[in-house]
Amino acid sequence: MNRADTTQVLELVAGYDCREITADLISEWHTVIGHLDRAVAEEAVHIHHKTAGFRVTPAAVLDVAAQIHERKPGRQQPMRRARMGAYNATGALNYACERCGAQAGETCTNKDGQETAAPCITRLLGRSVREVSARDRRAAA
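Rules and cut-offs
Residues numbered from 1 in each chain as written. Predicted model: local features only at pLDDT ≥ 70, side-chain atom pairs only at ≥ 80, totals over all residues. Heavy atoms only, no water. Helix = DSSP H or I, 4+ residues; strand = E, 2+ residues; numbered from the N terminus. Buried < 20%, exposed > 50% of the residue type's maximum accessible area, 1.4 Å probe, protein only. Axes fitted to C-alpha atoms, helices over the stretch in contact; angles between N-to-C directions. Parallel < 35°, antiparallel > 145°, perpendicular 65-115°, else oblique. Contact = heavy atoms within 4.5 Å. Nonpolar A, V, L, I, M, F, W, Y, C, P; charged D, E, K, R; others polar. Disulfide = S-S within 2.5 Å. Arc of directions from axis to C-beta. Patch = residues over 30% accessible without salt bridge, like charges linked within 9 Å, V, L, I, M, F, W, Y side chains within 5 Å. Areas by Shrake-Rupley, 256 points an atom, 1.4 Å probe, with all protein chains shown as cover. Salt bridge = Lys/Arg side-chain N within 4 Å of Asp/Glu carboxyl O.

A. Quick peek at the environment of Glu43. Residue position: Glu43 is located in helix α3 (residues 38-51). Sequence-wise, Glu43 and Val9 are 34 residues apart; in three dimensions their C-alpha atoms are separated by 9.7 Å.

The following block contains the structure:
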């Protein structure tokens, strides 16, 4: 990560706690977190804000980043904030998925085992698609 990336991470932090960004602050943060990948640093800031009750510090970002790396060794897990909306809005995360086999609390996956952008349709509806289409045909008749 370069100084411009560190500045953008600090702008994200400032969005949460309204701190003033100065050249000294950028230098301080860059010295501590400059070796991190920007996406990891940003994810760490988001996680810290959601889980901790105190202001984000460079040390806190390092701690959360270490946990991110431990979560999936050798592979960076993509951020899931945007894709979790469909699961939360429908409550689909509370139930297992019959189509892909994801357990309750886990996101749906495709044939390659990668997370999908949204829940499977059967999980969203809470029943199989055939069951829904048969009901719609009966209602139209």
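Following the structure, the description resumes.
B. A look at unusual backbone geometry. Positive phi outside glycine occurs at Cys18, with the angle close to 55 degrees. Positionally, Cys18 belongs in the loop between α1 (3-17) and α2 (23-33). Classification of Cys18 by relative accessible area gives exposed; the value is 70%.

C. Fine view of the packing of α3 against helix α4 (residues 58-71). Packing of α3 against α4 brings their axes to within 8 Å, and their N-to-C directions diverge by 105 degrees. By the criterion of interaxial angle, the relationship of α3 to α4 is roughly perpendicular. On the side of α3, the interface is formed by Val40, Ala41, Glu43, Ala44, Val45, Ile47 and His48, while α4 contributes Ala60, Val61, Val64, Ala65, Ile68, His69 and Arg71. A per-class count over the contact of α3 with α4 returns 10 nonpolar, two polar and two charged.

D. Up close: the state of the cysteines. According to the stated counting rule, one finds zero disulfides in the structure shown. With no disulfide of its own, Cys97 has Cys100 as its nearest cysteine by sulfur position, at a separation of 3.7 Å. With relative accessibility at 5%, the residue Cys97 sits in the buried group. Considering cysteine sulfurs only, Cys108 is the nearest to Cys120, which forms no disulfide, with 3.7 Å between them.

E. Broad picture of α2. Residues Leu25, Ile26, Trp29 and Ile33 constitute the buried set of α2. Seen end-on, α2 carries its buried residues on one side only, within an arc spanning 100 degrees. Of the residues in α2, the exposed ones pointing more than 90 degrees away from the buried face are Ala23, Asp24 and Thr31. In the core, the buried residues of α2 are packed alongside α1 and α4.

F. Looking closely at a nonpolar patch on the surface. A cluster of nonpolar side chains, contributed by Ile121, Leu124 and Leu125, occupies part of the molecular surface with about 220 Å² of accessible area. Structurally, the position occupied by Leu125 is in helix α6 (residues 121-125). Using a relative accessible area of 33% as the deciding quantity, one classes Leu125 as partly exposed.

G. How the structure looks around the packing of α1 against α2. At a minimum axis distance of 9 Å, the contact between α1 and α2 shows a crossing angle of 105 degrees. Of the possible angle classes, the one that applies to α1 and α2 is roughly perpendicular. Mapping the contact onto sequence places Arg3, Thr6, Thr7, Val9, Leu10 and Val13 in α1 and Ala23, Leu25, Ile26, Ser27, Trp29, His30 and Ile33 in α2.

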